[in-house]
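So the chains spell out like this:
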Amino acid sequence: MPTLADSPFLAAARGEKPSHTPVWFMRQAGRSLPEYRAAREGVAMLESCMTPELIVEITLQPVRRYGVDAAIFFSDIVLPLKAVGVDLDIKPGVGPVVADPVETLADVAAIPDLTPDDVPFITRAVQELVGELGATPLIGFAGAPFTVASYLVEGGPSKEHARTKAMMFGAPDVWDALMAKIGGIAAAFLEVQVAAGASAIQLFDSWAGALTPRDYREFVMPHSAAVLDRVGRLGVPRIHFGVGTGSLLPLMGEAGADVVGVDWRMPLDQAVPLVGDRAVQGNLDPTLVFAPTEVMTARAAEVIEAGRSARGHIFNLGHGVIPSTDPDQLARLTEFVQGYPIG
Ligand code: CP3
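Residues numbered from 1 in each chain as written. Predicted model: local features only at pLDDT ≥ 70, side-chain atom pairs only at ≥ 80, totals over all residues. Heavy atoms only, no water.

(A) Examining the overall build of the chain more closely. Within the chain, the secondary structure is distributed over 15 helices and 9 strands. Taken over the C-alpha trace, the chain has a radius of gyration of 19 Å; the compact-globule value for 343 residues is 20 Å, and the two agree within 12%. By principal-axis analysis of the C-alpha atoms, the chain measures approximately 55 × 45 × 35 Å. Here the analysis covers contacts within the chain between residues at least 6 apart in sequence; of these, 73% occur between residues at least 24 apart. Summed over its atoms, the accessible surface of the chain is roughly 13,400 Å², and 54% of this surface lies on carbon and sulfur atoms. Looking at the chain, you have 26 positive and 40 negative side-chain charges, and the mean spots of the two groups are 2 Å apart. (Helix = DSSP H or I, 4+ residues; strand = E, 2+ residues; numbered from the N terminus. Rg over C-alpha atoms; globule rule 2.2 N^0.38 Å. Contact = heavy atoms within 4.5 Å. Areas by Shrake-Rupley, 256 points an atom, 1.4 Å probe, with all protein chains shown as cover. Lys, Arg positive; Asp, Glu negative; His and termini not counted. Charge placed at Lys NZ, Arg CZ, Asp CG, Glu CD.)

Here's what the structure looks like:
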């Protein structure tokens, strides 16, 4: 019987040689799966994230269907804020919406820190999941301070992150307090998941690509580094991912990642020298699943070849699964990657 010690995902994350190129997909649990849509019927997104039976079922769905090399915990980056009492919702087709956007130091001070007692349903769901998953590792996750701050300051999804950056440039004291508060909540949320049995974590800084390297280094990196440092003490591999981060990859590695996630815009062989002596994760264009299967797999082979120079390579898409994706195409992609010669 294989155990977690044999996991190709964990081996690649640690820079050891896996038995095959490991593969999982960001947003592998979600609207592309009919069984997800059935499980979620009549249940609001945040409610499903607080119901252990649903968390367990939805997390397991893509593992059953695809036999991917890792499960990612079903939740959302704003769930910890909801758990400490921030008035927010996840609106279908829109995303997280915050009732009272954060503007002042008093607004920041009004957000409580997170303790394990705020999220007993997370502990229960993770414990149950690791029992069910056996040799398949569970990835815990949290939103990074910048990406979560963007929702809290804008009040909802944003393209330009203009209000967020206005605070960053114009009210650095409020900004630092907000980033420290969110970072503390993210670290505590990750600690809960790892204490309950998660084998790795991913810090999602999806919108960090909106920043110049200079501003990332000054205003964001210290806070992400603090989260990664706290989690580093737990001894599990840490994946650090953002979108449009070509110019930030060296800093995202330096922030304390064991694995740097790369979006689809930069070939992995260009990314590898930038991330230092670290593993990489990525990075097939998520729209390639809509191409003929042979086109998709030929491009997947290019991704694997480009990842060979890395200390380790975990195959993934360059961002999340698009909801209209055909699950059968992801099944074929998984089989292709796992069967590709390891070299
Ligand atoms: O399978 C997985 O990857 C795990 C589940 C997961 C969700 N959200 C579930 C979800 C993860 C890892 C996230 C993280 C997340 N949430 C991020 C970072 C990752 C990324 O994609 O860059 C961000 C930016 C969010 C904020 C958020 N939540 C958005 C932008 C949306 C989509 C809005 C929409 O409807 O298009 C959500 C909602 C959400 N989170 C859904 C899921 C499955 C869809 C809501 C639903 O099914 O009703």
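(B) Focus on the environment of Val262. Relative to the helices and strands, Val262 is located in the loop between strand S7 (259-261) and helix H13 (268-271). Exposure remark for Val262: the relative accessible area of 2% places this residue in the buried category. With 13 residues separating them in the primary sequence, Val262 and Val275 have C-alpha atoms 9.8 Å apart. The residues touching Val262, leaving out its near neighbours within four places in the chain, are Phe241, Leu249, Leu268, Ala271, Val280, Gln281, Gly282, Asn283 and Gly318. (Buried < 20%, exposed > 50% of the residue type's maximum accessible area, 1.4 Å probe, protein only.)

(C) Representation of the nonpolar core within the structure. Ranked by internal contacts, the top residues of the largest apolar core, which has 129 residues, are Leu178, Tyr216 and Leu333. Residue contributions to this core peak at 13 residues, all from helix H10 (residues 172-195). Here Leu333 is in contact with Phe25, Leu284, Met296, Ala300, Phe315 and Leu317, once residues within four sequence places are set aside. (Core = buried A, V, L, I, M, F, W, Y, C linked by side-chain atoms within 4.5 Å.)

(D) View of the site of the ligand. Within the structure, the ligand sits among 26 residues, and Arg27, Tyr36, Asp76, Ser206 and His319 are positioned closest to it. With respect to the ligand, the backbone of Gln28 contributes an N or O atom lying 3.2 Å from an oxygen atom. Here an oxygen atom of the ligand sits 3.1 Å away from a polar atom, N or O, in the side chain of Arg31. Considering the ligand on its own, with 880 Å² of exposed area, one finds that the protein chains cover 91% of that surface. Among the secondary structure elements, those contributing two or more residues to the shell around the ligand are helix H2 (34-40) and strand S3 (95-98). When grouped by side-chain class, the residues that make up the shell around the ligand number 16 nonpolar, 6 polar and 4 charged. (Near = heavy atom within 4 Å. Polar contact = N/O pair within 3.5 Å; in protein donor to acceptor, adjacent residues only side chain to side chain. Nonpolar A, V, L, I, M, F, W, Y, C, P; charged D, E, K, R; others polar.)

(E) Spotlight on helix H8 (residues 145-154). Counting buried residues in H8 gives 10 out of 10 residues, a clear majority hidden from the surface. Within the span of H8, buried status applies to Pro145, Phe146, Thr147, Val148, Ala149, Ser150, Tyr151, Leu152, Val153 and Glu154. Two residues or fewer after H8 comes Gly155, characterised by a positive phi angle close to 90°.

(F) Up close: the pairing of strand S4 (residues 138-143). Counting buried positions along S4 gives 6 out of 6 residues, so the element sits mostly inside the fold. Of the two faces of S4, both are covered, the one formed by Leu138, Gly140 and Ala142 as well as the one formed by Ile139, Phe141 and Gly143. With 5 bridges joining them, S4 and strand S5 (residues 200-204) adopt parallel strand pairing. When the sheet's bridge partners are listed, Phe141 is paired in S5 with Gln202. (Pairing = 2+ DSSP bridges.)

(G) Spatial organisation of the side chain of Gln329. Topologically, Gln329 is positioned in helix H15 (residues 327-339). Residue Gln329 is classed as buried on the basis of its relative accessible area of 4%. In this structure the side chain of Gln329 is engaged in a polar contact, spanning 2.9 Å, whose partner is the side chain of Arg332. The residues contacting Gln329, other than those within four sequence positions of it, are Val289, Ala291, Pro292, Thr293 and Met296.

(H) Molecular detail of the packing of aromatic side chains. Applying the stated criterion across every chain, the model contains 7 aromatic pairs. For the ring pair Phe25 and Tyr66, a centre distance of 6.2 Å and an interplane angle of 85° mean the geometry is edge-to-face. Here Tyr66 lies in helix H4 (residues 52-66) and Phe25 lies in the loop between helix H1 (8-13) and H2, a separation of 41 residues in the sequence. According to the relative accessible area criterion, Phe25 is buried, its value standing at 0%. The exposure class of Tyr66 is buried, given its relative accessible area of 7%. With a centroid separation of 5.4 Å and 85° between ring planes, the pair formed by Phe141 and Phe204 is classed as edge-to-face. (Phe/Tyr/Trp six-rings, centres within 6.5 Å; stacked < 30°, edge-to-face > 60°.)

(I) Structural view of the environment of Ser19. Turning to its location among the elements, Ser19 is positioned in the loop between H1 and H2. With a relative accessible area of 60%, Ser19 lands in the exposed category. C-alpha of Ser19 to C-alpha of Pro341: the two residues are 322 residues apart in sequence and 9.6 Å apart in space. Apart from residues lying up to four places away in sequence, Ser19 is in contact with Pro8 and Ile342.

(J) Region of interest: the pattern of salt bridges. Tallying each qualifying case throughout the model produces 12 salt bridges. Glu128 is the partner of Arg124 in a salt bridge, and the nearest nitrogen-oxygen pair spans 3.8 Å. Remark: Glu128 and Arg124 occur in helix H7 (residues 120-133); sequence separation between them is 4 residues, near one turn of the helix. Classification of Glu128 by relative accessible area gives partly exposed; the value is 35%. Here Arg311 and Asp277 are joined by a salt bridge, their closest N and O atoms 3.4 Å apart. Of this pair, Arg311 sits in the loop between helix H14 (293-306) and strand S9 (313-317) while Asp277 sits in the loop between H13 and strand S8 (279-284), and the two are 34 residues apart along the sequence. In the salt-bridge network here, residues are joined through shared partners; they are Glu53, Arg124 and Glu128. (Salt bridge = Lys/Arg side-chain N within 4 Å of Asp/Glu carboxyl O.)

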